[in-house]
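Per-entry structural report
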Amino acid sequence: MEKKWQELKKRLKEIYDLQSVIALLDWDQNTYMPHAAGGARGSQLATLGRIAHDKLTDPRLGELLEELDGQWPSDSLEADLIRAAKREVDRETKVPADFISRFYQNSAETYQAWVAAREENRFDKVVPHLERTLELSREYAHYFSGFDHVADPLIDRTDYGMKAKELQALFGELRKQLVPLVEQVTAGPEVSQACIKQHFAKEKQLAYVKQLISAMGFDFNRGRLDLSPHPFMIRLAHDDVRITTRVNEEDVTEVLFSTIHETGHAFYELGIDADLEGTPLHKGASSGIHESQSRLWENVVGRSRAFWQAHYPSLQAAFPSQLGNVSLDDFVRAINRAEKSLIRIEADEFTYNLHVIIRFDLELAMLEGKLEVKDLPEMWRSRFQSDLGISPTDDNHGVLQDIHWYADFIGGMFQGYTLGNILSCQFYEAACRVHPQIPDEIADGNVSTLHGWLKENVYRHGSRWTAKELVRRATGSEMTIAPYIAYLKRKADELHLGR
């Protein structure tokens, strides 16, 4: 059995390494790759994706998993690894290698078309590519039998165990709570954001956020920060986790909160136990769990008065002419202003989930055949008008703003953001129950206790457990929207947003 165990680990490590190289090529495509290299990059990704798929679906790997299954206690690391590997093998063996090549090729080409379409602010430039993506998304789903909704296999890729019907019910309940709260906090005179809507030099912004996330605990010996059109985090190895951000010289909050957001993702990957590297367990439990960490650090911590009590003096020192005479209270109110807006990643905490719910509903409609790709901008505008009372006048402020459908599947791409918002407060509340001094420590510039609790209870376990089980173990209860709604209501009362 020991010989077979070592053979299994060797095979899984080869797959892990191939996936890491694919991630490196993806990072390069999103950062420094010449635009004209898109076609070649698509071919490279397709080749490596096919090789990784072939290794994952090799009959010998399946045989090893069957022979080793049941040889260890069900709660052991070995048993968890075998369960996770069997789940991945089962998923991949149902998908032909030819599909994997076609998918990677289409994703690379669609990404390049999206970049070009954004430059011209014209959705029609990417429609044929996105239609192909929709076809591939439906094709992928139909390799799996017995699903209740065509989106279920796609959701399963990123949030294992969640179903479209379950999410629709959860989002419906959340929406009931949010709609009246949004109306409340956006009523009345607007809070001024003049202090953050000034000119802030690009290089000074980048220098400051590097200093900020270093103070928060980001290890630049194990990671780096670069620019990309859409901020993201990607893990290449246990000691190589990369994040990107973007800069708006007329709004300092874009670089601040996109960088803190991606740092939250990086903390998760950097906190996974090193002995899980090279296995299917060396990654986050789900997109919802991963997003809970980016949203926890970005919003629950990063938009709190306590956090800026510690860090606002250094921000003022970096930008004395812009912020030197702006009080901490005015700055905190400005970065927390609630308003009905068009851009998801710039949306405040009160309206953000309405952005996600709209996208989730549009995904389902496209997959169900109720919405054609060419009609997406019109339906997008209609939903924003009905749900938020505003609608975009161009494509870059509408259907072209998010990378997700243009670099992956249609389906299973957005629900993790709202799941993450919900869980961010549930995890933070659980940490504060054990360590009630956490808010005071944050005000002193010390996030080590919070970071330590998260590493011990969330990060280090990687994907040993399903998201639902991890939530139960870490917080002592099932996922609930109660802490999240309570947090939003407290914030509304404390800051008198929009009044």
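Look up: the structure comes first, before these words.
Residues numbered from 1 in each chain as written. Predicted model: local features only at pLDDT ≥ 70, side-chain atom pairs only at ≥ 80, totals over all residues. Heavy atoms only, no water.

**Some points on the overall build of the protein chain**
Of regular secondary structure, the protein chain possesses 21 helices and 3 strands. For 499 residues, the compact-globule estimate of 2.2 N^0.38 gives 23 Å, and the C-alpha radius of gyration of the protein chain, at 22 Å, lies within 12% of that figure. Each principal axis of the C-alpha distribution contributes one length, and for the protein chain these read about 65 × 50 × 45 Å. The burial tally for the protein chain puts 57% of its 499 residues in the buried class. Considering only contacts within the protein chain whose residues lie at least 6 apart along the sequence, 73% involve residues at least 24 apart. Carbon and sulfur atoms make up 49% of the accessible area of the protein chain, which amounts to about 20,000 Å² in all. Seen as two clouds, the 59 positive and the 76 negative side-chain charges of the protein chain have centres 1 Å apart. (Helix = DSSP H or I, 4+ residues; strand = E, 2+ residues; numbered from the N terminus. Rg over C-alpha atoms; globule rule 2.2 N^0.38 Å. Buried < 20%, exposed > 50% of the residue type's maximum accessible area, 1.4 Å probe, protein only. Contact = heavy atoms within 4.5 Å. Areas by Shrake-Rupley, 256 points an atom, 1.4 Å probe, with all protein chains shown as cover. Lys, Arg positive; Asp, Glu negative; His and termini not counted. Charge placed at Lys NZ, Arg CZ, Asp CG, Glu CD.)

**Quick look at the packing of aromatic side chains**
Inspection of every chain in the model, using the stated rule, returns 25 aromatic pairs. Look at Phe-103 and Tyr-104: their rings are 5.8 Å apart centre to centre, the planes differ by 65°, and that puts the pair in the edge-to-face class. The buried category is assigned to Phe-103, whose relative accessible area is 10%. Note on Tyr-104: relative accessible area 24%, which makes it partly exposed. Ring geometry for Trp-380 and Trp-405: centres 6.3 Å apart, planes at 90°, overall edge-to-face. Taken as a pair, Trp-380 in helix H16 (residues 376-388) and Trp-405 in the loop between H16 and helix H17 (415-434) lie far apart in primary sequence, 25 residues in all. The class for Trp-405 is buried, based on a relative accessible area of 3%. (Phe/Tyr/Trp six-rings, centres within 6.5 Å; stacked < 30°, edge-to-face > 60°.)

**Examining the layout of surface pockets**
Each pocket or cavity is described by its volume, and for the second largest pocket that value is around 570 Å³. Of all the secondary-structure elements, those providing two or more residues to the lining of the second largest pocket are helix H11 (287-301), helix H12 (305-318), helix H14 (328-335), H17, helix H18 (438-443) and helix H21 (482-495). (1 Å grid on protein atoms, 1.4 Å probe; cavity = no way out; pocket = protein on both sides within 12 Å on 5 of 7 lines; lining within 4 Å. Points joined across faces, edges and corners; volume = space filled by probe spheres on them.)

**A word on the sheet that holds strand S2 (residues 233-237)**
One open sheet accounts for 3 strands, arranged S1-S3-S2; its pairing is mixed. Of all the strands in the sheet, the pair left with one neighbour each is strand S1 (223-227) and S2. For this sheet the average axis-to-axis angle between neighbouring strands, irrespective of direction, equals 25°. As defined by bridge partners, S2 adjoins strand S3 (residues 240-245) across 4 bridges and the pair is classed as antiparallel. Bridging across to S3, Arg-235 finds its partner in Val-241. Relative to the sheet, helix H1 (residues 2-31) contacts S1, S2 and S3, its axis offset from that of S2 by approximately 140°. Contacts from helix H10 (residues 252-271) reach S1, S2 and S3, with the element oriented near 165° to S3. (Pairing = 2+ DSSP bridges. Axes fitted to C-alpha atoms, helices over the stretch in contact; angles between N-to-C directions.)

**Details of the state of the cysteines**
In the structure shown here, the tally under the stated rule is 0 disulfides. Here Cys-425 stays unpaired: no disulfide links it, and the sulfur of Cys-432, its closest cysteine neighbor, is 10 Å away. Relative accessible area serves as the criterion here: at 4%, Cys-425 is assigned to the buried category. For Cys-432, a relative accessible area of 16% puts it in the buried group. (Disulfide = S-S within 2.5 Å.)

**With respect to the nonpolar core**
Formed by 149 residues in total, the largest nonpolar core has its most connected members in Trp-297, Trp-308 and Trp-405. Top element by residues in this core is helix H15 (residues 352-368). It accounts for 11 residues. Apart from residues no more than four positions distant in its own chain, Trp-297 is found in contact with Met-216, Ile-260, Gly-264, Phe-267, Gly-302, Val-447, Leu-450, His-451, Leu-454 and Tyr-459. Grouped together as the second largest cluster of nonpolar side chains are 7 residues, Ile-22, Leu-45, Leu-48 and Ala-108 included. (Core = buried A, V, L, I, M, F, W, Y, C linked by side-chain atoms within 4.5 Å.)

**Comments concerning the pattern of salt bridges**
Applying the stated criterion to the full structure yields 50 salt bridges. For Arg-242, the salt bridge identified is with Asp-240, shortest N-O distance 2.8 Å. Connected through salt bridges with shared partners, the residues Lys-4, Glu-7, Arg-11, Asp-58, Arg-60, Glu-63 and Glu-67 form a single ionic network. (Salt bridge = Lys/Arg side-chain N within 4 Å of Asp/Glu carboxyl O.)

**Section: the pairing of S2**
Counting buried positions over the 5 residues of S2 gives 4, a clear majority of the element. In textbook terms, the turn of a hairpin is the stretch between consecutive antiparallel strands, and for S2 and S3 this stretch comprises 2 residues.

**A closer look at the packing of H11 against H17**
For the pair H11 and H17, interaxial distance at closest approach is 6 Å and the crossing angle is 60°. The chirality of how H11 crosses H17 is right-handed. Within the contact between the two elements, H11 uses Ser-287, Gly-288, Ile-289, Glu-291, Ser-292, Gln-293, Arg-295, Leu-296, Asn-299 and Val-300 and H17 uses Gln-415, Gly-416, Tyr-417, Leu-419, Gly-420, Asn-421, Leu-423, Ser-424, Cys-425, Phe-427 and Tyr-428. For the contact of H11 with H17, the residue count by class is 9 nonpolar, 10 polar and 2 charged. (Left-handed = near helix turned anticlockwise from the far one by under 90°. Nonpolar A, V, L, I, M, F, W, Y, C, P; charged D, E, K, R; others polar.)

**A short note on the environment of Thr-244**
Looking at the secondary structure, you find Thr-244 in strand S3. We classify Thr-244 as buried; its relative accessible area is 0%. C-alpha of Thr-244 to C-alpha of Asp-156: the two residues are 88 residues apart in sequence and 26 Å apart in space. In this view, Thr-244 contacts Trp-27, Thr-31, Leu-225, Asp-226, Leu-227, Ser-228, His-230, Pro-231, Phe-232 and Glu-262; residues no more than four positions away in its chain are not counted. A distance of 2.7 Å separates the side chain of Thr-244 from the side chain of Ser-228, its partner in a polar contact. (Polar contact = N/O pair within 3.5 Å; in protein donor to acceptor, adjacent residues only side chain to side chain.)

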